[in-house]
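Read off the chains here:
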Amino acid sequence: VLSVVTFKIIELYQEKKKIETSNLYFEGLKEIKNINYEKAEVLFEKVIKNADIGYTLLSYFKLANINLNKKNFQSMEMYYDKIMSLDNINKAYKDYALILKITNSPNINNDDKIKALKPFLTSPSEFQPIASELEILYLIDNKKMKTAKNKLDKLLKQKSISNNQKNRLSTIDEIYFK
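I will try to describe carefully the structure that is included in this document. (Residues numbered from 1 in each chain as written. Predicted model: local features only at pLDDT ≥ 70, side-chain atom pairs only at ≥ 80, totals over all residues. Heavy atoms only, no water.)

**Quick notes on the pattern of salt bridges**
Per the counting criterion, the structure on display carries 15 salt bridges. Where K17 meets E20, a salt bridge forms, and the shortest distance between an N and an O atom there is 3.8 Å. In this pair, K17 and E20 both sit in helix α1 (residues 2-33), three residues apart, roughly one turn of the helix. Judged by its relative accessible area of 32%, K17 falls in the partly exposed class. The exposure class assigned to E20 is partly exposed, which follows from its relative accessible area of 34%. A salt bridge links D112 to K115; its shortest N-O distance comes to 3.9 Å. Taken together, the residues span about one helical turn, with D112 and K115 both in helix α6 (residues 110-122) at a distance of three residues. (Salt bridge = Lys/Arg side-chain N within 4 Å of Asp/Glu carboxyl O. Helix = DSSP H or I, 4+ residues; strand = E, 2+ residues; numbered from the N terminus. Buried < 20%, exposed > 50% of the residue type's maximum accessible area, 1.4 Å probe, protein only.)

Here's what the structure looks like:
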């Protein structure tokens with residue numbers, strides 16, 4: 001009987017902690033909406049200390065975004081790196097963090113961005129279409145127009161691309177190569 005009571009007390013305590021963590025997270029979202037980034041950062045750091053992997057992951061994404069808004073790119077990159085180093089999360093979250101880091105960081109030059117995109121470009125991934133487009137844009141930005149045009153034409157000929165992607169690629173073609 002005592003062990004059942006102890007189990008129930010532990011269960012209630014854990015449930016209370018989950019609710020507190022959830023409330024902290026949503027309070028942090030409210031502070032972001034109010035553009036009170038410093039308070040939001042404190043709240044998300046508290047969430048990370050007490051949360052399961054789900055709220056930890058969401059909090060790291062929010063902290064990266066806060067630092068992007070504050071133009072603190074080193075901290076933004078650090079939070080994306082923390083996401084990519086987390087264990088027991090779906091690889092898609094790590095890939096998404098890498099894509100966001102690449103696209104949002106002015107500290108990474110375009111050649112290094114293209115190198116970081118290579119895993120997406122050479123293997124099937126839900127991020128392959130966007131990685132292909134980013135590669136073309138970074139090549140254009142680096143004035144490697146011939147290489148960019150070849151990759152663009154090759155991509156436009158693929159039957160597997162969506163109409164939305166075809167439209168975006170056609171717009172790139174129209175702006176830079178017509």
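**Section: a nonpolar patch on the surface**
A cluster of nonpolar side chains, namely L137, I175 and Y176, defines an oily patch on the protein surface of about 290 Å² accessible area. Relative to the elements of secondary structure, Y176 occurs in helix α9 (residues 163-177). (Patch = residues over 30% accessible without salt bridge, like charges linked within 9 Å, V, L, I, M, F, W, Y side chains within 5 Å. Areas by Shrake-Rupley, 256 points an atom, 1.4 Å probe, with all protein chains shown as cover.)

**Digging into the packing of aromatic side chains**
Under the counting rule described, the total for this entry stands at eight aromatic pairs. For the ring pair F61 and Y80, a centre distance of 6.4 Å and an interplane angle of 65 degrees mean the geometry is edge-to-face. Placement of the pair is F61 in helix α3 (residues 53-69) and Y80 in helix α4 (residues 73-85), with a sequence separation of 19 residues. Here F120 and F127 contribute two aromatic rings whose centre-to-centre distance is 6.1 Å and whose plane-to-plane angle is 70 degrees, an arrangement assigned as edge-to-face. For F120, a relative accessible area of 4% translates into the label buried. By relative accessible area, which is 14% here, F127 ends up buried. Through successive ring pairs, a cluster of aromatic residues spans F61, Y80, Y96, F120 and F127. (Phe/Tyr/Trp six-rings, centres within 6.5 Å; stacked < 30°, edge-to-face > 60°.)

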